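Structural overview for review
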Amino acid sequence: MNIKTFLYLMAGVFLCVSLLSGTSPKEVPKRGRVTVYPNRLLNWNDFMKVDLIRGKSTINAICLSSCEVEILDIIRDKEHVELAINAKINLQKELTQVTHDFLARSDQTKKKQVLHHENGHFIIAQIIGYRIVRDVNGFKFDPKRYKYQLNDIIRNNFKDWKRLDSQYDAQTTKPTNKEMQDRWDRFLQSEMTALTKEVYH
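A quick note: this is a predicted structure, and the numbers were derived from the prediction, not measured.

1. Considerations on the sheet that holds strand β1 (residues 33-37)
Read from one edge of the open sheet, 3 strands run β1-β5-β4, paired in mixed fashion. The open sheet terminates on both sides in strands that have one partner only, identified here as β1 and β4 (65-76). In this sheet, neighbouring strand axes are inclined to one another by 15° on average, regardless of whether the strands run parallel or antiparallel. Bridge count between β1 and strand β5 (residues 81-91): 5 bridges; the pairing is parallel. Each bridged residue has a counterpart across the sheet, and for V34 the counterpart in β5 is A87. The sheet strands contacting helix α4 (residues 146-173) are β4 and β5, and the helix crosses β4 at an angle near 150°.

2. Section: the packing of α4 against helix α5 (residues 178-200)
Running from N to C, α4 and α5 cross one another at 150°; their axes reach a closest spacing of 8 Å. Taken as axis vectors, α4 and α5 run roughly antiparallel relative to one another. Handedness of the crossing formed by α4 with α5: left-handed. Contacts between α4 and α5 involve L164, Q167, Y168, Q171 and T172 on the former and, on the latter, M180, Q181, W184 and F187. Across the contact of α4 with α5, the residue classes break down as 5 nonpolar, 4 polar and no charged.

3. Quick word on unusual backbone geometry
A cis amide bond links Y37 with the next residue in sequence, P38, at an omega value of -5°. Within the secondary structure, P38 is located in the loop between β1 and β2 (48-50). Look at the link from K174 to P175: it is a cis peptide, with omega at 0°. Looking at the secondary structure, you find P175 in the loop between α4 and α5. For R54, which is not glycine, the phi dihedral falls at a positive 55°. With respect to the secondary-structure elements, R54 resides in the loop between β2 and β3 (61-62). Judged by relative accessible area, R54 falls into the partly exposed class, the value being 34%.

4. Focus on the sheet that holds strand β6 (residues 97-99)
What holds strands together in a sheet is hydrogen bonding between their backbones, with the strands either parallel or antiparallel. With mixed pairing, the 3 strands of this open sheet are ordered in space as β2-β6-β3. Edge positions in the sheet fall to β2 and β3, since each has one partner strand and no second. The sheet contact formed by β3 and β6 spans 2 bridges and is antiparallel. Looking across to β6, one finds that I62 is bridged to Q97.

5. A closer look at the pattern of salt bridges
Counting across every chain of the model gives 11 salt bridges. Between R105 and D101 there is a salt bridge, and its shortest N-O distance comes to 2.6 Å. Placement of both R105 and D101 in helix α2 (residues 100-105) is noted, with a separation of 4 residues, approximately one turn of the helix. Between R131 and E191 there is a salt bridge whose closest N-O contact spans 2.8 Å. Residue R131 is found in helix α3 (residues 108-136), and its partner E191 is found in helix α5; the two are separated by 60 residues along the sequence. Accessibility assignment for this pair places R131 and E191 in one class, buried. Three or more residues are tied together by salt bridges with common partners; here these are E68, E70 and K88.

The rules behind the values
- Residues numbered from 1 in each chain as written.
- Predicted model: local features only at pLDDT ≥ 70, side-chain atom pairs only at ≥ 80, totals over all residues.
- Heavy atoms only, no water.
- Pairing = 2+ DSSP bridges.
- Helix = DSSP H or I, 4+ residues; strand = E, 2+ residues; numbered from the N terminus.
- Axes fitted to C-alpha atoms, helices over the stretch in contact; angles between N-to-C directions.
- Contact = heavy atoms within 4.5 Å.
- Parallel < 35°, antiparallel > 145°, perpendicular 65-115°, else oblique.
- Left-handed = near helix turned anticlockwise from the far one by under 90°.
- Nonpolar A, V, L, I, M, F, W, Y, C, P; charged D, E, K, R; others polar.
- Buried < 20%, exposed > 50% of the residue type's maximum accessible area, 1.4 Å probe, protein only.
- Salt bridge = Lys/Arg side-chain N within 4 Å of Asp/Glu carboxyl O.

Printed below as a string of structure tokens:
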């Protein structure tokens, strides 16, 4: 397991467990929702400038996000409960990095290409948030086990997160492959469009 995967899992598990307390906010949406920070494409100002990433001169940039799941409301009936959740996708500013050397020596085309690729990782994190909300919306939870069941949904989606991130890097950057990047761009856009409609409409 590499450091990136470890950080994803540790951040996700810690944040999800810590937020499964079922606190109720002042306003409760009818269904689950996804919030993203920052809610835009990333730019180089979102990256911490460092000399080395993971001690390697071969890594130009890295983008890491967390997914926090917060229970907004518990809707109870005779036999089951349903949950309204907020999946919060946050860029991890201190762990999202670019090297000084890369920014200094690379031309605008290369910098644009790498930034575009890193935005793909940020979009994958958002897709996972939408999938978690989709899987929770309308699910009939056991009143005594809903926190465990929710954790299972989160854990399964986090496995997909790890897999998608690994495939994305392997197919687009080892070596750099513009055709595969274009294919991933189309997939990510299609998946985001479908999930947004499924969650909010």
